[in-house]
Amino acid sequence: MDNPWLTVATVVTVGVLRLMGDVIRWLAARSGERLRARTLTELVNRTEPGTVLTDRRPDGAALTIRRRPEDRGERGERGGGDRGE
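Along each chain, residues carry numbers from 1 onward, in the same order as the chain's sequence is written. The predicted origin of the model limits local features to residues at a pLDDT of at least 70 and limits the giving and counting of side-chain atom pairs to 80 or more, whereas totals for whole chains, interfaces and linings rest on all residues. As a rule here, side-chain values come from all non-hydrogen atoms in the structure, and water together with hydrogens is ignored.

Some thoughts on the pattern of salt bridges
- Should a side-chain nitrogen of Lys or Arg be within 4 Å of a carboxyl oxygen of Asp or Glu, the pair is scored as a salt bridge. Per the stated rule, a full pass over the model turns up 5 salt bridges.
- One salt bridge connects R57 with E33, and the closest N-O pair in it is separated by 3.2 Å. Taken together, the residues span a long stretch of sequence, with R57 in the loop between β1 (52–56) and β2 (62–66) and E33 in helix α1 (residues 4–45) at a distance of 24 residues.
- The class of R57 is buried, set by a relative accessible area of 18%.
- For E33, a relative accessible area of 38% corresponds to the partly exposed category.
- The salt bridge partner of R57 is D55, with a shortest N-O separation of 3.4 Å. By the criteria applied, helices consist of DSSP H or I runs no shorter than four residues and strands consist of E runs no shorter than two, each listed in order from the N terminus. For the exposure calls, accessible area comes from a 1.4 Å probe over protein chains only, and a residue counts as buried if that area is under 20% of its type's maximum, exposed if over 50%, partly exposed in between.

What follows is the structure, given as structure tokens:
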């Protein structure tokens, strides 16, 4: 190429496109992890108290969610209930 600015512009453009591709892949993986965790939480909320669910992945990572044996997951009890005010 005869024009050095064209070479610089080409290299910068390729670098930016690669970086954007990496960012998009990272965001997709993060979104997938959130969805996976939310799905496990929904599953455990629909089961009996004392249930334990573990999501084991091929890379060795694991996520374990336990539902408390006492049914304290009700929103009314979390809010503090009647304080006698």
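Additional details are given in the paragraphs that follow.
With respect to a nonpolar patch on the surface
- Only residues whose relative accessible area exceeds 30% and that form no salt bridge are eligible for patches; like-charged ones are grouped when within 9 Å, while nonpolar side chains (Val, Leu, Ile, Met, Phe, Trp, Tyr) are grouped when within 5 Å. The method behind every accessible area is Shrake-Rupley, applied with a 1.4 Å probe, and residues are considered shielded solely by the protein chains displayed. A cluster of nonpolar residues, W5, V8, V12, V16 and M20, forms a patch on the protein surface that exposes about 530 Å² of accessible area.
- Using a relative accessible area of 44% as the deciding quantity, one classes V16 as partly exposed.

With respect to the environment of T51
- Inspection of the secondary structure puts T51 in the loop between α1 and β1.
- As for T51 and R68, which are separated by 17 residues in sequence, their C-alpha atoms are 7.7 Å apart.
- In what follows, residue pairs with any heavy atoms lying within 4.5 Å of each other are defined as contacts. Apart from the residues within four sequence positions on either side, T51 is in contact with V44, I65, R66 and R67.

Comments concerning the side chain of D55
- Secondary-structure assignment places D55 in strand β1.
- The buried category is assigned to D55, whose relative accessible area is 12%.
- We define a polar contact as two N or O atoms separated by no more than 3.5 Å, with the added condition that, inside protein, one atom must be a possible hydrogen donor and the other a possible acceptor, whereas residues neighbouring each other in sequence contribute only through side-chain atom pairs. Side-chain polar atoms of D55 contact the side chain of R36, separated by 2.6 Å.
- Among the polar contacts made by the side chain of D55, one reaches the side chain of R57 at a distance of 3.4 Å.

Looking at the pairing of β2
- The criterion for strand pairing is that DSSP finds at least two bridges linking the strands in question. Pairing of β1 with β2 involves 5 bridges; the strand directions are antiparallel. If you follow V52 over to β2, its bridge partner there is R66.
- Adjacent in sequence and paired antiparallel, β1 and β2 are bridged by 5 residues, among which G60 carries a positive phi angle near 100 degrees.

Shape descriptors only; they carry no functional weight alone.
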